[in-house]
Amino acid sequence: MKPLLWANWCVLLLLIGNEKIEAFSIPETITYITATVLAVLHIYNLKYCQCQDDKCCIKNG
């Protein structure tokens, strides 16, 4: 879960940076999709990756 969240943050950062400097012509829809996926990953993480015993999502990968 953690690598997915970080990867999505990095992609979103690159997309926003690209929008600022206009290096490539990328549709704005891609930025919205990336932001939505990040929100969904956060919700999934909050709902299913809570430590209630020694078998935690962080320790198990």
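Keep in mind that this is a model prediction, so the values were computed, not measured.

Further remarks concern the overall build of the chain. A count of helices and strands for the chain gives two helices and zero strands. Taking the contacts inside the chain whose residues are at least 6 apart along the sequence as the reference set, 55% of them involve residues at least 24 apart.

A separate point is the packing of aromatic side chains. Under the defined criterion, the tally for this structure stands at one aromatic pair. Considering the side-chain rings of Tyr 44 and Tyr 48, the 4.9 Å spacing of their centres and the 45 degrees angle between planes classify their relative orientation as tilted. Placement of the pair is Tyr 44 and Tyr 48 together in helix α2 (residues 28-48), with a separation of four residues, close to one helical turn. Judged by relative accessible area, which is 42%, Tyr 44 ranks as partly exposed. Overall, the relative accessible area of 51% leaves Tyr 48 in the exposed class.

Glancing now at the packing of helix α1 (residues 2-21) against α2. Axis separation between α1 and α2 bottoms out at 10 Å; the angle between their running directions is 155 degrees. Taken together, α1 and α2 sit at an angle that is classed as roughly antiparallel. The element α1 and its partner α2 pack so that their crossing is left-handed. When α1 is examined against α2, the residues Leu 4, Leu 5, Asn 8, Trp 9, Val 11, Leu 12, Leu 15 and Glu 19 are found in contact with a partner set consisting of Glu 28, Ile 30, Thr 31, Thr 34, Ala 35, Val 37, Leu 38, Leu 41, His 42 and Asn 45.

A cluster of nonpolar side chains, namely Phe 24, Ile 26, Ile 30, Ile 33 and Val 37, defines an oily patch on the protein surface of about 450 Å² accessible area. We classify Ile 26 as partly exposed; its relative accessible area is 38%.

As a further point, take α1. The α-helix advances 3.6 residues per turn, and as a result positions three or four apart in sequence lie on the same side. The end-to-end C-alpha distance of α1 is 29 Å, a good match for the 28 Å that 20 residues give at a rise of 1.5 Å each. For α1, every residue scored as buried is listed here: Leu 5, Asn 8, Leu 12, Leu 15 and Asn 18. Around the axis of α1, the buried residues are gathered within 155 degrees of arc, so they sit on the same side. Among the exposed residues of α1, those pointing more than 90 degrees away from its buried face are Lys 2, Pro 3, Trp 6, Leu 13, Leu 14, Lys 20 and Ile 21. Those residues of α1 that are buried are in contact with α2. Following α1 by one or two positions, Glu 22 adopts a phi angle in the positive range, close to 55 degrees.

Reading the values: rules and limits
- Residues numbered from 1 in each chain as written.
- Predicted model: local features only at pLDDT ≥ 70, side-chain atom pairs only at ≥ 80, totals over all residues.
- Heavy atoms only, no water.
- Helix = DSSP H or I, 4+ residues; strand = E, 2+ residues; numbered from the N terminus.
- Contact = heavy atoms within 4.5 Å.
- Phe/Tyr/Trp six-rings, centres within 6.5 Å; stacked < 30°, edge-to-face > 60°.
- Buried < 20%, exposed > 50% of the residue type's maximum accessible area, 1.4 Å probe, protein only.
- Axes fitted to C-alpha atoms, helices over the stretch in contact; angles between N-to-C directions.
- Parallel < 35°, antiparallel > 145°, perpendicular 65-115°, else oblique.
- Left-handed = near helix turned anticlockwise from the far one by under 90°.
- Patch = residues over 30% accessible without salt bridge, like charges linked within 9 Å, V, L, I, M, F, W, Y side chains within 5 Å.
- Areas by Shrake-Rupley, 256 points an atom, 1.4 Å probe, with all protein chains shown as cover.
- Salt bridge = Lys/Arg side-chain N within 4 Å of Asp/Glu carboxyl O.
- Expected span 1.5 Å × (residues − 1).
- Arc of directions from axis to C-beta.

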